[in-house]
Amino acid sequence: MKIDTKITSGPVVAFFLALALMLCLSLSPSANAQAPDLTAGGVPTSTYNLNLGATGMHGWMYHHQKFDSSESRQILVNSVDVGSPADGFLAAGDVILGVDGTGAEPVNFTSDARKALAQAIADAEARDPGTMKLIRWRAGSTTTVEITLRTMGAYSATAPYNCPKSAKILEEGLEHS
């Protein structure tokens, strides 16, 4: 009796490829890593610093490989530009736990903190005045702070094309380059 050892296609190959992928993911350190709780002594898992948009802040948030921030629920403020909207309201070492740019009271992040902050900035910039509320944790105490962003208008449905806000951002960027 001869056994054919060539497996070149079909469900058997798909099974072994899936098994190999699951094994690789389970052995990957970042696949099993958990976001640190920065309010309970957790520390950042990298030194990567992000520009936090029109707020004037720079900070860190938990991310997987390739900067996937989908599991982030806190933002550590690393610096605040002097004269920026966040100046005087947030400082290095503060942790942002939630945000809202619609005028409502903010709630803790329940999804990607990076995307939630970006949406809140867009919401605030579309309003006049462009206020954004943040839940700030500082040295064991949690408070809500409000910063005012420039009123820029809303992105159009076709953004960045035929969008006054996109055009304004581009023009201002070119002026500073």
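Quick notes on the rules
- Residues numbered from 1 in each chain as written.
- Predicted model: local features only at pLDDT ≥ 70, side-chain atom pairs only at ≥ 80, totals over all residues.
- Heavy atoms only, no water.
- Core = buried A, V, L, I, M, F, W, Y, C linked by side-chain atoms within 4.5 Å.
- Buried < 20%, exposed > 50% of the residue type's maximum accessible area, 1.4 Å probe, protein only.
- Helix = DSSP H or I, 4+ residues; strand = E, 2+ residues; numbered from the N terminus.
- Contact = heavy atoms within 4.5 Å.
- Pairing = 2+ DSSP bridges.
- Polar contact = N/O pair within 3.5 Å; in protein donor to acceptor, adjacent residues only side chain to side chain.

(A) Quick peek at the nonpolar core. Of all hydrophobic cores here, the largest spans 21 residues; its most connected members are Met57, Ile75, Leu90, Ile96, Met132 and Leu134. Contributing elements (two or more residues each) for this core: β3 (75–80), β4 (95–100), α3 (113–125), β5 (130–138) and β6 (141–149). Among the elements that line this core, the one with the most residues is α3, at five residues. Excluding anything up to four places from it in sequence, isoleucine 96 contacts Met57, Arg73, Gln74, Ile75, Val77, Leu90, Phe109, Leu134 and Ile135.

(B) Structural detail: the pairing of β4. Across the six residues that make up β4, a large majority, six, are buried. Across two bridges, β3 lies against β4 in antiparallel orientation. Among the inter-strand pairings, leucine 76 is bridged to a residue of β4, identified as valine 95. Taken together, the five bridges between β4 and β5 define a ladder with antiparallel strand orientation. When the bridges of β5 are listed, isoleucine 96 appears paired with arginine 136.

(C) Local environment of unusual backbone geometry. Residue proline 129 follows aspartate 128 across a cis peptide bond; omega there is 5 degrees. Along the chain, proline 129 falls in the loop between α3 and β5. Residue proline 160 follows alanine 159 across a cis peptide bond; omega there is 10 degrees. The residue proline 160 is located in the loop between β6 and α4 (164–175) in this model. Residue asparagine 162 is not a glycine yet carries a positive backbone phi of 50 degrees.

(D) Representation of the environment of serine 72 within the structure. In this fold, serine 72 is placed in the loop between β2 (57–60) and β3. Considered as a pair, serine 72 and aspartate 112 are 40 residues apart in the sequence and their alpha carbons are 5.3 Å apart. Filtering out sequence-adjacent residues up to four positions away, serine 72 remains in contact with Met61, Tyr62, Ser111, Asp112, Ala113 and Arg114. A polar side-chain atom of serine 72 sits 2.7 Å from the main-chain carbonyl oxygen of serine 69. Polar side-chain contacts of serine 72 include one of 3.1 Å to the backbone nitrogen of alanine 113.

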